[in-house]
Amino acid sequence: MPATTTLYKKAVEVSEEYLGPAGERFIRRQISTHIGIEPEELGGRDLPKLVNWASLAFALLTDNSHEVKGFTRDMLSISSSRK
Amino acid sequence: MWIFIALVAVYMGLSLLLPPEYLRKYQMSEASLRLVSLTIILPVGAIQLSALYGFLKFKAYANKIKKTKEGPAFMQIANGLMVLTFGLPINSAASSILNYVARTNTDLQPTAIILKGYIALIFPFIAFLLIAKGAEGLIKTLKRPVSKQWTTFGLLGVIVLTAVYTELIVARAPVQDAKSGYHLPTWLILATIAIPYLYIWCKGLRAAYHIFIYKNRIKGTVYRNALDYLAKGLVIIIFASIIIQVLITVTERITSLSVAPILLIVYLLLGLYAVGFGMVARGAKKLKKIEEV
C-alpha cells in the first residue's frame, strides 16, 4: 500500500473516531479545500497543514475543549507515528 | 417555506378572532379572553416555526449526504419530519376553522369535531411511519444486525399504554354528550382513533429506540451527540402527542377545572413540544454543520 494512501487512511480513522460516518467526508473536504490536492495524494509534507486546518474546523463542531485537544493530539500522532 | 408561514399566519389570525371555546365559559371580558388566547397562540406559532427550522436544517443535511449509505434513511426521516412539521399549522388552522363552524352551526358540531379528530391523526400517522422506516434503514447500515424482537420493558410499556388508553376511552362520557371528546361510538373510536394512535406511538418510540441503537453502535463522539438530540427530541414529541390524546379522552373532566389549571396544562404541553422540536432542531443543526466545515 502506498505511504500516501496509508496517511490518508490514518487521518480518516482518527476523524471517524470523532465524527463517525461523516469522518471521511470531513477529511476529504479539509484536504481538497485547504491543501488543494486529491485526498489520495496526501503526503507527509501536507500533514502539518492538514492537522492545523482539521483541528480548526473540528473546533467549530464542539464546545468540548477536551474533545478538540484529543482530536488535535490524535491527528498529530499520525505525523509522529511516521518518524 | 412561504406556504408554511402563511399557514401559521392563518392559524394565528383565526385563533385571535375566535378564541378557544373552553376559555369562554370562564366569563372573562372579551379583551382578557383575547389576551389569554394570545399567550397560547404566540408560543404555538413559535413552536411551529422552530419545527420548520429543524426540518429545514435536517432536510439540508439529508440532501448533503444523499449519496452515502445512510443517505436514503436520513432522507426518509427528513420526509417524516416534513409531514410532521407541515401538519402542525395545517392541523391548527383546520381546527380553528372547524371550531368556528361548530360554534356558528350547532348541527354541524359533531361533524366538525369528528373531522378535527381525523385531521389531527393523519399527519403524525404518515410522519411517524416515514420516520420509523428511516430509522429502520439506519440500523440496516450497521455491520452487526439488531434484534427485531421487543425488549421485555418495551413490550410491557406497550401493554400498559394500550390498557390505560383503552380504559380511558371506554370509560368516557356517552356519545350524545356534547362535551365528549369524539362524537363517535366507542367501537369506531377504538378502530379508527385508538388503534392508529397506539400504532404510531409504538412506531415512533421504536424509531427513537432505533436511532439510539444506531447512535450507540457507531463511532464518533460529536456525531453521536447530534443524533442523541434528534432521538430525544422525537421521544419528547411522541410523549406530548400521547399526553394530548389522553387529555382528549378525559375532556369532560378537564373542562370542569378552573382556568388556571387548564392554562397550566396547555403551557406544559406547549413547553414539551417546544423542548422536543427544539432538540430536533439542535440535533439537525449539529449534523448539518459537520458536513459543512
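Residues numbered from 1 in each chain as written. Chains lettered and ligands numbered in written order. Predicted model: local features only at pLDDT ≥ 70, side-chain atom pairs only at ≥ 80, totals over all residues. Heavy atoms only, no water.

Enquirer: Requested: an account of the overall build of chain B, with residues and values cited.
Expert: When helices and strands are tallied, chain B shows 10 helices and zero strands. Going from N to C terminus, chain B has its helices and strands arranged as α-α-α-α-α-α-α-α-α-α. Here the C-alpha atoms of chain B give a radius of gyration of 20 Å, agreeing with the 19 Å that 2.2 N^0.38 yields for 293 residues. Summarising its shape, the C-alpha atoms of chain B cover approximately 60 × 40 × 30 Å along the three principal directions. Looking at chain B residue by residue over its 293 residues, the buried ones come to 46%. Accessible area for chain B stands at about 14000 Å²; split by element, carbon and sulfur atoms hold 70% of it. Here chain B carries 31 positive and 11 negative side-chain charges, and the mean point of each set is 13 Å from the other. (Helix = DSSP H or I, 4+ residues; strand = E, 2+ residues; numbered from the N terminus. Rg over C-alpha atoms; globule rule 2.2 N^0.38 Å. Buried < 20%, exposed > 50% of the residue type's maximum accessible area, 1.4 Å probe, protein only. Areas by Shrake-Rupley, 256 points an atom, 1.4 Å probe, with all protein chains shown as cover. Lys, Arg positive; Asp, Glu negative; His and termini not counted. Charge placed at Lys NZ, Arg CZ, Asp CG, Glu CD.)

Enquirer: Describe the overall build of chain A, naming the residues involved and giving the relevant values.
Expert: When its secondary structure is counted, chain A shows four helices and zero strands. For 83 residues, the compact-globule estimate of 2.2 N^0.38 gives 12 Å, and chain A sits close to it at 12 Å. Its C-alpha atoms give chain A principal-axis dimensions of about 35 × 25 × 20 Å. Taking all 83 residues of chain A together, the buried fraction comes to 47%. A separation threshold of at least 6 residues defines the contact pool for chain A, and within that pool the share at least 24 residues apart is 53%. Of the roughly 4400 Å² of accessible surface on chain A, a fraction of 54% belongs to carbon and sulfur atoms. The positive charge centre, built from 11 side chains, and the negative charge centre, built from 11, are 5 Å apart in chain A. (Contact = heavy atoms within 4.5 Å.)

Enquirer: Residue-level account of the interface of chain A and chain B, with values.
Expert: On the chain B side, the residues contacting the 17 residues of chain A number 15 residues. Summing both partners gives a buried area of about 1400 Å² for chain A against chain B, and 54% of it is carried by carbon and sulfur. Considering only the surface of chain A that becomes buried against chain B, Pro-21, Arg-25 and Leu-61 of chain A emerge as the three largest contributors, covering 36% of it. In this structure, the connection of chain A to chain B is made through three salt bridges. Where chain A touches chain B, the interface holds 12 residue pairs in polar contact (both at pLDDT 80 or more). Mapped by element, the contributors of at least two residues to the side of chain A that touches chain B are helix H1 (3-19), helix H2 (23-35) and helix H3 (47-59) of chain A. (Buried area = accessible area lost by both parts, 1.4 Å probe. Salt bridge = Lys/Arg side-chain N within 4 Å of Asp/Glu carboxyl O. Polar contact = N/O pair within 3.5 Å; in protein donor to acceptor, adjacent residues only side chain to side chain.)

Enquirer: So, helix H1 (residues 2-17) of chain B: which residues are in play, and what are the values?
Expert: Residue and element names in this part refer to chain B. In this model H1 runs 22 Å from its N-terminal to its C-terminal C-alpha over 16 residues, within 8% of the 22 Å that 1.5 Å per residue would give. Residues Phe-4, Val-8, Tyr-11 and Ser-15 constitute the buried set of H1. Summarising the axial view, the buried residues of H1 lie within an arc of 60 degrees, below the 170-degree limit, and thus occupy one face. Exposed residues pointing more than 90 degrees away from the buried face of H1 are listed as Trp-2, Ile-3 and Leu-17. Where the residues of H1 are buried, they touch helix H3 (30-64) and helix H4 (71-104). (Expected span 1.5 Å × (residues − 1). Arc of directions from axis to C-beta.)

Enquirer: Can you tell me about the packing of aromatic side chains, naming the residues and giving the values?
Expert: Residues and elements named next belong to chain A. All chains considered together, the criterion is met by 13 aromatic pairs over all chains. With 6.1 Å between their ring centres and 75 degrees between their planes, Phe-26 and Phe-71 make a pair best called edge-to-face. Residue Phe-26 is found in helix H2, and its partner Phe-71 is found in helix H4 (residues 65-82); the two are separated by 45 residues along the sequence. Assigned by exposure class, Phe-26 and Phe-71 land together as buried. Ring pairs connect the aromatic residues Tyr-18, Phe-26, Phe-58 and Phe-71, which therefore count as one cluster. (Phe/Tyr/Trp six-rings, centres within 6.5 Å; stacked < 30°, edge-to-face > 60°.)

Enquirer: Go over the pattern of salt bridges, please, and point to the residues and values.
Expert: Taken as a whole, this structure holds nine salt bridges over all chains when the rule is applied. Here Arg-29 of chain A makes a salt bridge to Glu-291 of chain B, at a shortest N to O gap of 3.8 Å. One end of the pair, Arg-29 of chain A, is in helix H2; the other, Glu-291 of chain B, is in the segment after helix H10 (259-290), on a second chain. Just as Arg-29 of chain A is buried, Glu-291 of chain B falls in that class too.

Enquirer: Give a description of the environment of Val-280 of chain B that names residues and reports values.
Expert: Residues and elements named next belong to chain B. With respect to the secondary-structure elements, Val-280 resides in helix H10. Each C-alpha atom of the pair Val-280 and Ala-51 lies 8.0 Å from the other, and the pair is 229 residues apart in sequence. If sequence neighbours within four positions are ignored, Val-280 has contacts with Leu-81, Tyr-229, Leu-230, Gly-233, Leu-234 and Ile-237.

Enquirer: Tell me about the side chain of Arg-29 of chain A, and please be specific about residues and values.
Expert: Of the residues examined, Arg-29 of chain A reaches a relative accessible area of 18% and is grouped as buried. What Arg-29 of chain A contacts, discounting residues up to four positions off in sequence, is His-34 of chain A together with Ile-290, Glu-291, Glu-292 and Val-293 of chain B.

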